[in-house]
Amino acid sequence: MKYKEILKLGLPILVGQIGNIVLGFADNIMVGRYSTEALASASFVNNVFNIALFCCMGFSWGLTPLVGALFARKEEDKIGAMVRNGLRLNLVFTLIICAAMLALYFNIHRLGQPEHLLPIIRPYYLIFLAGILPMTVFNVFAQWSYAINNTKLPMVIILCANCVNIIGNYALIYGHFGLPEMGLTGAGISTLISRIIGPVAIMAVFFLNKEYKAYAASFRTATLTRREGVKIVRTGFPVAMQTSFETAAFSGAAIMAGWLGAVELASFQIVVIIGMLGFGIYYSFGSATSVLVSHAAGQNDNRAMRRTAWAGYHVILAIMTVSCLIFIFFGHDLMSIFTNDPAVIAMGSTLIFPLVLYQIADATQINFANALRGTSHVMPMLYIAFVSYIIVGLPSTYLIAFTWGMGLYGIILSFSVSLIVAAVLFFIYFMRATRR
């Protein structure tokens, strides 16, 4: 089994993910202690934008198996060209997503959120929108780094950018260091600055480090052919849709939580942030699994692909067990970190069971979705995600929460339904893709 290789590649990604989780915690703690209204507004914008962010991230993730296969075959002269062409297509894709999000901005008032939150939501929304393009640039180069087994580089950059973000939050939310008190808008500006730092730093390494001289040379001279463009789109677009549909289910749930009130929306945000603790860890080792599967795919070794996927699953299940124990025994304490509002803490504490329940399915679908991504046979991911999260997930959320009258508890409980369907289907299609 490939436990050692998965841990070696996954741990730096995990550290970066923990950095993002800590940042998410810090953002929500600072915003939540500023006001419940600011926390509820951040919840709405973050969850709506999650669709756009994960869509763009998913498109960039399509590069991992392509670069990984080239790396496994030692075709280094083609890697830089793949990165440049991937960057071109990712930027075009991201601009389309940004245009859609701008159109949504002009219709925020139609989404049923509390009227008094709209003046807080609007400026934060626009600042968040401005950060998507630099995030895309960073994600493209991060996938290149992961695919060549250098998972430490993105980790270091992420941690440094997150430190800047936290300091900026402290200064701009509350008005320290002689800066104005800007509340949620200040948090948005701080996040935007950190998202600009990421691509600048990783591109500097790519072009200036002598170790990557061959990659930089082919990057500069690459031309986009129709064949390569189609290959990138065919691997990137289904993954983008898979992540978009999954995130749409969670964002749709956030909108429904807003229908219940500001306290419910704030409680929903806290539970989702805590749940991201598990997701971030599972994703780290899922990404490592995807890289190693892509290397095996480059050698046409189906047996190695399966061994890698099962090793990754064993690692993720062990970590999932630890995560669930933390949620069970320390869930109330975690929630009290984010807000002083006793109503929000009390409501959030009732959601521990459905939070724990969906971790099992989430860990499974993350592992086999990433394993399937590593094979480059990614078209089924689009259909699986559409069925699981849109056809099954969103109606289940509404049915359990409103038709059955379970409210916010039902919204969180419904996550298990879509994730179980996705987990089963990703497993089936991965086994088919690696059939001997």
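Residues numbered from 1 in each chain as written. Predicted model: local features only at pLDDT ≥ 70, side-chain atom pairs only at ≥ 80, totals over all residues. Heavy atoms only, no water.

### Some points on the overall build of the chain
1) Next: Along the backbone of the chain there are 16 helices and 0 strands.
2) Next: Projecting the C-alpha coordinates of the chain onto the three principal axes gives extents of approximately 55 × 50 × 35 Å.
3) Next: Counting only residues that meet the buried cut, the chain has 61% of its 436 residues in that class.
4) Next: If you sum the accessible surface of the chain, you get close to 17,100 Å²; carbon and sulfur atoms cover 69% of it.
5) Next: Here the chain holds 27 positive side-chain charges and 16 negative ones, and the gap between their average locations is 16 Å. (Helix = DSSP H or I, 4+ residues; strand = E, 2+ residues; numbered from the N terminus. Buried < 20%, exposed > 50% of the residue type's maximum accessible area, 1.4 Å probe, protein only. Areas by Shrake-Rupley, 256 points an atom, 1.4 Å probe, with all protein chains shown as cover. Lys, Arg positive; Asp, Glu negative; His and termini not counted. Charge placed at Lys NZ, Arg CZ, Asp CG, Glu CD.)

### Structural notes on the packing of aromatic side chains
1) Next: Following the criterion strictly, the structure yields 31 aromatic pairs and no others.
2) Next: Relative to Phe-415, the ring of Phe-268 has its centre 6.3 Å away and its plane inclined at 75°; by these criteria the two rings are edge-to-face. On the criterion of sequence distance, the pair formed by Phe-268 in helix α11 (residues 262-298) and Phe-415 in helix α16 (residues 407-433) is long-range, its members being 147 residues apart. No difference in accessibility class separates Phe-268 from Phe-415, as the two residues are buried.
3) Next: Following the ring pairs from residue to residue traces out a cluster consisting of Phe-141, Trp-144, Phe-206, Phe-207, Tyr-212, Tyr-215 and Phe-219.
4) Next: Its end group placed over the ring of Phe-219, Arg-84 keeps NZ or CZ at 5.7 Å from the ring centre.
5) Next: When the ring centre of Phe-128 is taken as origin, the NZ or CZ atom of Arg-195, which lies over that ring, is 4.6 Å away. (Phe/Tyr/Trp six-rings, centres within 6.5 Å; stacked < 30°, edge-to-face > 60°. Lys NZ or Arg CZ within 6 Å of the ring centre and 35° of its normal.)

### Here's the deal with the state of the cysteines
1) Next: The final tally for this structure, using the stated rule, is 0 disulfides.
2) Next: The closest cysteine sulfur to the non-disulfide-bonded Cys-56 is located on Cys-55, 5.6 Å from its own sulfur.
3) Next: Look at Cys-56 and you get buried, because its relative accessible area is 4%.
4) Next: Looking at the unpaired Cys-163, the closest cysteine sulfur is the one in Cys-160, lying at 6.4 Å.
5) Next: The class for Cys-163 is partly exposed, based on a relative accessible area of 47%. (Disulfide = S-S within 2.5 Å.)

### Quick notes on the packing of helix α15 (residues 379-403) against α16
1) Next: Interhelical geometry of α15 versus α16 gives an angle of 160° and a closest axis separation of 8 Å. One way to sum up the angle between α15 and α16 is to call them roughly antiparallel. For the pair α15 and α16, the sense of crossing is right-handed.
2) Next: For the contact of α15 with α16, the per-class residue count stands at 16 nonpolar, 8 polar and no charged. (Axes fitted to C-alpha atoms, helices over the stretch in contact; angles between N-to-C directions. Parallel < 35°, antiparallel > 145°, perpendicular 65-115°, else oblique. Left-handed = near helix turned anticlockwise from the far one by under 90°. Nonpolar A, V, L, I, M, F, W, Y, C, P; charged D, E, K, R; others polar.)

### Comments concerning a nonpolar patch on the surface
1) Next: A contiguous nonpolar patch, built from Val-322, Leu-325, Ile-326, Ile-328, Phe-329 and Phe-330 and spanning about 580 Å² of accessible area, is present on the exposed surface.
2) Next: Accessibility expressed as a relative area gives 32% for Ile-326, which makes it partly exposed. (Patch = residues over 30% accessible without salt bridge, like charges linked within 9 Å, V, L, I, M, F, W, Y side chains within 5 Å. Salt bridge = Lys/Arg side-chain N within 4 Å of Asp/Glu carboxyl O.)

### Concerning the packing of helix α2 (residues 36-61) against α11
1) Next: For the pair α2 and α11, the least separation of the axes is 8 Å and the interaxial angle reads 35°. Our pair here, α2 against α11, has a crossing hand that is left-handed. For the pair α2 and α11, contact is made by Thr-36, Leu-39, Ala-40, Ser-43, Phe-44, Asn-46, Asn-47, Phe-54 and Trp-61 and by Ala-262, Leu-265, Ala-266, Phe-268, Gln-269, Ile-270, Val-272, Phe-279 and Tyr-283, respectively. (Contact = heavy atoms within 4.5 Å.)

### Some thoughts on the nonpolar core
1) Next: Counting 140 residues, the largest nonpolar core has Phe-49, Trp-144, Phe-268, Ile-411 and Phe-415 as its most contacted members.
2) Next: With 19 residues, α11 is the largest single contributor of residues to this core.
3) Next: With sequence-adjacent residues up to four places away left out, Ile-411 is seen in contact with Ala-253, Met-256, Ala-257, Leu-260, Phe-268, Thr-397 and Ala-401. (Core = buried A, V, L, I, M, F, W, Y, C linked by side-chain atoms within 4.5 Å.)

### Observations concerning the side chain of Asn-90
1) Next: Position of Asn-90 relative to the elements: it lies in helix α4 (residues 76-105).
2) Next: Reaching out from Asn-90, the side chain makes a polar contact with the backbone oxygen of Gly-86 at a distance of 2.6 Å.
3) Next: When residues no more than four places from it in sequence are discounted, the contact partners of Asn-90 are Cys-56, Phe-59, Ser-60, Leu-63, Thr-136 and Val-140. (Polar contact = N/O pair within 3.5 Å; in protein donor to acceptor, adjacent residues only side chain to side chain.)

### Observations regarding unusual backbone geometry
1) Next: The backbone of Asn-149 shows a phi angle near 75°, a positive value even though the residue is not glycine.
2) Next: Within the secondary structure, Asn-149 sits in the loop between α6 (132-147) and α7 (152-174).

### Describing α11
1) Next: Along its 37 residues, α11 runs 50 Å from first to last C-alpha, staying within 8% of the 54 Å computed at 1.5 Å per residue.
2) Next: Of all the bends in α11, the greatest measures close to 25° and is centred on Leu-277.
3) Next: With 33 of its 37 residues buried, α11 lies for the most part within the structure.
4) Next: Just downstream of α11, Asn-300 is the residue with a positive phi angle, here 55°. (Expected span 1.5 Å × (residues − 1). Bend = angle between axes of the 7 residues up to and from the residue.)

### Let's talk about the environment of Ser-388
1) Next: Tracing the backbone shows Ser-388 in helix α15.
2) Next: Note: C-alpha distance between Ser-388 and Thr-94 (294 residues apart in sequence) is 25 Å.
3) Next: Once residues within four sequence positions are removed from consideration, Ser-388 is found in contact with Gly-393, Ser-418, Val-421, Ala-422 and Leu-425.
4) Next: Polar contacts involving the side chain of Ser-388 include one to the main-chain carbonyl oxygen of Ile-384, which spans 2.8 Å.

### Quick look at the side chain of Thr-375
1) Next: Position of Thr-375 relative to the elements: it lies in the loop between α14 (352-374) and α15.
2) Next: Given the relative accessible area of 7%, Thr-375 is considered buried.
3) Next: A polar contact is formed between the side chain of Thr-375 and the backbone oxygen of Leu-372, at a distance of 2.6 Å.
4) Next: Leaving out residues up to four positions away in the same chain, Thr-375 has contacts with Val-293, Ala-297, Met-305, Phe-430, Ala-433 and Thr-434.

### So, helix α5 (residues 118-130)
1) Next: Under the 1.5 Å per step criterion, the end-to-end length of α5 is 19 Å for 13 residues, consistent within 8% with the ideal 18 Å.
2) Next: Buried residues in α5 make contact with α2, α4, α6 and α8 (184-208).

### Observations regarding the environment of Ala-42
1) Next: Relative to the assigned elements, Ala-42 resides in helix α2.
2) Next: For the pair formed by Ala-42 and Ile-120, sequence separation is 78 residues and the distance between their alpha carbons is 8.7 Å.

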